[in-house]
Structure formats: C-alpha cells, structure tokens
Amino acid sequence: MRRTLIAGGLALLLLGTACGESRRSDPPAAAGSPTASRQDPGQVERTLASLRKIDDLPMYEMTYDGDYDPTAGLAGTMPPSPFGCSLFAALGDRERPLFARNFDWEPNPALVLRTDPPDGYASISLVDISYLGVAADPTGDRRLLDAPLLPFDGMNERGLAVGLAADDGARAEPVPGLPKVGSVRILRLVLDSAATVDEAVAVFKRYNLDFDGGPPLHYLLADATGASAVVEFVDGKMTVDRRSGPWQALTNVPAVGVPDRELRQDRRYGVLAKELDRTGGVVDAPGALRLLNAVRQSHTRWSVTYGLRSGEVRVVTAGGGTRDYRLPMS
C-alpha cells in the first residue's frame, strides 16, 4: 500500500531542525538532462522548487513529486573509489527496531530525498548528489530529477531499510539471463518494491550487480519485524547471512562465513559489537548516534538512524547539524 507524501494530511512531516533553511520562491531556469523522470511539467517544477539547503555540508532536502523509471540506464555509473562506512541493525527491542549508519566519503554535497512512486513504496533516502554531476549549489538543476537512482541508504514506508559499504574482496559473476544493475541502483529497486528482508533478498537475486568502474560493495538489510541480513558476494556468487541474534553489523571487511572473533579484530566492527552485546541490541536513536560517533572517521559525511516501526529518521551531518523526519508507515 503506497502513501501520498505530497498531499495534505499524509505529507511527510518535518519535525524539527538545528539548521537554517535557504528558501527560494522562484527557482532559476533548470539545467541538466535527467533520464529517469516520468513527470509532467508541473511535477518537475514542484520537485525542483521543493529543494532546500538544510546544512553547510552542504546538505539539501527535496520532495520528489510524480514518477520516475528506476531502471533507466540500468547499469548506471559507480563512484571511482571505496566507501568507508559503519552500519548496524539494533533489533533487541522488537517494538522499536532501529537501523543506523555512518557514510564515510569525500566532502560532496548530499540530499535527503523523499519519494512516493505511484507503483512503489514511499521512502526517505540519502544521496551523494555529486554523482549526478551537479555543483555544490544544485538549485534548478534538472539532473536532480535523477536523484532517486542513487540512494546510498534509506528506509521505506513498510520499515525496510538498506545501506551499503565497500567490500574490496567482493566479486560478482554474472548469472546468464539476468539484467545488469548498478550496485548503488539496486538500493532503489529494493526500497520501491520490498517490504521485508526476504523480499529484498529476492530483488537482489533478480539482477546481476555491476561493480565495474567503482568499488565492490556489500549490504545490510533490516525490517520492521526484526529480521536482518548481510548480502555479500563470495567467490563470485551472492551469499546471504541472516542473523538470529538481537543485532547485526557491517563495516568494510567481509562478513559472511567469517568467525565473530575475526570480525571483531576490525576496530569499528569491534566497537559496535561490544556495545550491542552490552545492550542486548536495544538502542534508541540518541544511543545509536553516540555509538556511530564512537566509530566515526575524519571523512564521515553523515550519520543517520531509521526507526523501522516508528518511521522516525534522524540525520546528523559532519558539521553537527541535525534534522528529524517522520515517514508515515503503512
């Protein structure tokens, strides 16, 4: 069941801010050539007019009005060098499961994106918009209409969350007969169509992931039922690690089939594991952000928590600015 974020009482609610906003009543002439937009001119105008600067990272927010083709130029383009990231799912409290991540990368402009496609689930995701080719001030740039194609993490209205991290040892051998999809783009296909971890894994299995031109990746998934999984590519084949415990974490070391004692030798994974063991996987958003801060790096660009049942989203940028959102859950 989809929800309309644009209209009236079902609008996605912006709860608060620790940062100022930059507002324009009349966006300048649009630039750039989008490929994914399936919007009419009015929807394009409303989408671009919704762009607001919310932090000096710089970070923006935008509400996407109308439809897009998530398969446009399916393989896509990958960034040229590795992501360093820390992710975890805290699932010990089944009434308040939580997904959290640090995105560690270059100092590029970012975007909090709200989408509600006609035939898919509404979601909030974060996008590094430098990969769209836009400048630090993207106001009026029509290439923003391709922003749905590049979510680096996100959560949909069914409480399914997904995030990525670099895994230098991953290698994906193509399965004959399957279409190829970019290894960031797959997150959009998951957010739009999967309500559970099982459904998300099924989406991954329908495609050959393309790691060419960028770092190989692995992925952490979690949902509102308290299920989680790591999707990783081992010896060329997709493998899935479903944990039965109260938490699951992922950094930039291979995780599937690796003994826990070896995983904990990675400093960031070890810090996450120790605290999540201590709490039994029960962590609220402030606690999750403190834990993310304990494993932040000099190039951490944003930290984000997703409440998988509450729909609450908190984003903290490298400069310390905080934004709270609520995604209406179905």
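Remember, it's a predicted structure, so these values are computed and weren't measured experimentally. (Residues numbered from 1 in each chain as written. Predicted model: local features only at pLDDT ≥ 70, side-chain atom pairs only at ≥ 80, totals over all residues. Heavy atoms only, no water.)

## As for the side chain of T115
With respect to the secondary-structure elements, T115 resides in strand β6 (residues 110-115). Note on T115: relative accessible area 1%, which makes it buried. A polar atom in the side chain of T115 sits 3.5 Å from the side chain of R188. (Helix = DSSP H or I, 4+ residues; strand = E, 2+ residues; numbered from the N terminus. Buried < 20%, exposed > 50% of the residue type's maximum accessible area, 1.4 Å probe, protein only. Polar contact = N/O pair within 3.5 Å; in protein donor to acceptor, adjacent residues only side chain to side chain.)

## Some details on unusual backbone geometry
The peptide bond linking L57 to P58 adopts the cis configuration, its omega dihedral lying at 5°. Summarising the element assignment, P58 is placed in the loop between β2 (52-55) and β3 (59-63). Of note in the backbone geometry, D235 takes a positive phi value of approximately 50° without being a glycine. Locating D235 in the fold gives a position in the loop between β13 (228-234) and β14 (237-241).

## Considering the confidence of the model for the protein
With 87% of its residues at a pLDDT of at least 70, the protein reaches an overall mean of 88. In this model residues 1-29 is a low-confidence stretch, pLDDT under 50, and it forms 75 contacts with partners more than four residues away in sequence or in other chains. (pLDDT = per-residue confidence, 0-100. Contact = heavy atoms within 4.5 Å.)

## Points about the packing of aromatic side chains
In the structure shown here, the tally under the stated rule is eight aromatic pairs. With a centroid separation of 6.3 Å and 55° between ring planes, the pair formed by F99 and Y306 is classed as tilted. You can see F99 sitting in strand β5 (residues 98-104) and its partner Y306 sitting in strand β16 (residues 300-307), a full 207 residues away along the chain. Y306 shares its class with F99; the two are buried. (Phe/Tyr/Trp six-rings, centres within 6.5 Å; stacked < 30°, edge-to-face > 60°.)

## Observations regarding helix α2 (residues 186-193)
In terms of burial, α2 is largely enclosed, as seven of its eight residues are buried. I186, L187, R188, L189, V190, L191 and D192 are the residues of α2 that are buried.

## Comments concerning the pattern of salt bridges
Taken as a whole, this structure holds 18 salt bridges when the rule is applied. The closest approach of N and O atoms between R243 and D241, which form a salt bridge, is 3.0 Å. R243 sits in the partly exposed class, given a relative accessible area of 27%. Beyond isolated ion pairs, a larger network of salt bridges with shared partners links E61, R114 and R323. (Salt bridge = Lys/Arg side-chain N within 4 Å of Asp/Glu carboxyl O.)

## Quick word on the packing of α2 against helix α3 (residues 197-205)
Where α2 contacts α3, the two axes come as close as 9 Å, and the packing angle between them is 140°. In terms of orientation, α2 lies oblique with respect to α3. The two elements α2 and α3 meet at a crossing, and its hand is right-handed. Across the interface between the two elements, I186, L189, V190 and S193 of α2 pack against E199, A200, V203 and F204 of α3. (Axes fitted to C-alpha atoms, helices over the stretch in contact; angles between N-to-C directions. Parallel < 35°, antiparallel > 145°, perpendicular 65-115°, else oblique. Left-handed = near helix turned anticlockwise from the far one by under 90°.)

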